[in-house]
Amino acid sequence: MVLVNFALDFNKLLAQAKELLDVIAAKIQNIINFSLIYSSFPKLLDGAKVSLLISLCSVILGVSLGIIVATGRLSKFWPTKAISSAYVAFIRGTPMIVQIFIIHYGLAEFGVTLPAFASGIIALSLNSGAYMGEVFRGGIQSIDPGQTQAGLSLGLTPFQVFRYIVFPQAFRRVIPSMGNEMVTLTKDSSLVNFIAIAELTYRATLIASRTYEYFTMYIGIAIVYFAITFALSQLLALLERRMGPYDSDSKPGKGLRR
Amino acid sequence: MIQIVNLEKAFGDNHVLRGVSASVDKGEVVVLIGASGSGKSTLLRCVNLLEVPDAGEIWIDGVEVTAKGVVKHEVRRETGMVFQQFNLFPHKRVIDNITLAPKKVRGMSAEAAEELAMELLRKVDLADKARSWPHQLSGGQQQRVAIARALAMQPKVMLFDEVTSALDPGMTGEVLNVMKELAADGMTMIVVTHEMAFAREAGDKIIFMHDGVIVEEGPPSQLLVNPQHEATKEFLSKVL
């Protein structure tokens, strides 16, 4: 009797599960509108290009700014040090979206009206510059002072020591954390949709609000962002492997390693 | 060739050099000895301005390098230095470690710099390691490359700062031999070391430092055999 009851219950359960699966399958076909993705593909592609362009410009400017900020913070000249430290503190202590609004809308009050595209790149670069600055500062400080002394003792100028000895070693060491910042920046580039730059997120929002296909559009661009950052990570991993065969952790004096 | 006059240097409250005067003739090998903290390394580092003295003068070849307005990196071109920790540039191959300064400071062409580097590598018996990376070399080999690197600037004086202290005992010989050859070639050298055998054999003059002053100086035959001061006797009794 117990067994028959169980068998009946089990059949019922199975039927219910099947029903649920059918519903989910139907839902997926309903909620992910593949034809919409197909039809909006050219627009999304344009948006992705804009996102990539903004990210690329901001990464390049951000890294350059970061190197300047790092040397500024490590400078013995106090005004340089104070300015760079204040800049880093301000950027780290305020929301990025607010920074974007200050650049784009705030500065307009002082007669500085920039095209949204320029505002976006400037805001992202300024933001990234502060974080990159901290990354590079750590990298530069991690290089043994003996390297600087050796360079100076050969008659190189302090700038030459930085350019040929300290920086190349620091750069190799910071590739992983610099990569993290690049990935973060690429994702954060989506924030500039708030100042009406026709990048990926902006275009997806437009299409979604017209068609009410929010899930489709946002899952779609999430995949696009992931593809971009994944490719970037792979590229950086490759760079890390290719940057010279020396072991950055091996300390001279320890004899043979590797 | 080098005159040091009343040199003083303090790090905070710690007076490391308290009025040091010494002179080094051309081609002379001067060995600085003394306990840790006696100021010998600081004195050495003042000569190429890695440390800036608080008071006193240093003259190299008739030029006062401690004078105001002297460009430090121009002084350092003429004073080669070898460090305890070798400090080879790990991101550059052996040959590029050596050619960097001649190219960037002396403006030497790549070919000329490489020719010079190979000549120096043959001198330190490491010509076959030109294309190696520093981490592939033993400590003794790295230190010999460091010597070749300093020589590539063709300095007027070579400063050696406890260059064998970080080496395994079996490797000190090869480095000291290179230094002895250099001394025999007539190079002016100031050597901070605890290797008393080297001091006796290669030194023309030994300077004993204690608590930031020069207590005693003289040729090895005199200072090592017949020291005059209590501090010298005590130090030598520990190291000999």
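Residues numbered from 1 in each chain as written. Chains lettered and ligands numbered in written order. Predicted model: local features only at pLDDT ≥ 70, side-chain atom pairs only at ≥ 80, totals over all residues. Heavy atoms only, no water.

## Quick notes on the nonpolar core
Thinking step 1. Formed by 71 residues in total, the largest nonpolar core has its most connected members in Phe136(A), Met182(A), Ile2(B), Leu7(B), Leu43(B) and Ile190(B).
Thinking step 2. Looking at this core element by element, the count peaks at 12 residues for helix H7 (residues 158-188) of chain A.
Thinking step 3. Setting aside its immediate chain neighbours within four residues, Phe136(A) contacts Val63(A), Gly66(A), Ile67(A), Ala70(A), Phe167(A), Phe171(A), Val174(A) and Met178(A).
Thinking step 4. Of all hydrophobic cores here, the second largest spans 47 residues; its members include Val145(B), Leu151(B), Leu167(B) and Ile206(B). (Core = buried A, V, L, I, M, F, W, Y, C linked by side-chain atoms within 4.5 Å. Buried < 20%, exposed > 50% of the residue type's maximum accessible area, 1.4 Å probe, protein only. Helix = DSSP H or I, 4+ residues; strand = E, 2+ residues; numbered from the N terminus. Contact = heavy atoms within 4.5 Å.)

## Points about the environment of Leu224(B)
All names here are of chain B.
Thinking step 1. Looking at the secondary structure, you find leucine 224 in the loop between helix H8 (220-223) and helix H9 (230-239).
Thinking step 2. The spatial distance from the C-alpha of leucine 224 to the C-alpha of glutamate 115 is 42 Å, given a sequence separation of 109 residues.
Thinking step 3. Once residues within four sequence positions are removed from consideration, leucine 224 is found in contact with Met196, Arg200, Ile206, Leu236 and Leu240.

## Thoughts on the sheet that holds strand S9 (residues 205-210) of chain B
Residue and element names in this part refer to chain B.
Thinking step 1. Read across the open sheet, the six strands follow the order S6-S7-S8-S3-S9-S10; overall the sheet is mixed. Each edge of the sheet is formed by a strand with only one pairing partner; in this case those strands are strand S6 (79-82) and strand S10 (213-218). In this sheet, neighbouring strand axes are inclined to one another by 20 degrees on average, regardless of whether the strands run parallel or antiparallel.
Thinking step 2. Bridging between strand S7 (residues 157-161) and strand S8 (residues 188-192) involves five bridges; their strand directions are parallel. Residue valine 157 lies in a different strand from S8, and its bridge partner there is threonine 188.
Thinking step 3. In this fold helix H6 (residues 172-184) packs onto strand S3 (29-33), S7 and S8, with an angle of close to 145 degrees to the strand it touches most, S8.
Thinking step 4. Of the strands in this sheet, S3, S9 and S10 are in contact with H9, which crosses S9 at around 100 degrees. (Pairing = 2+ DSSP bridges. Axes fitted to C-alpha atoms, helices over the stretch in contact; angles between N-to-C directions.)

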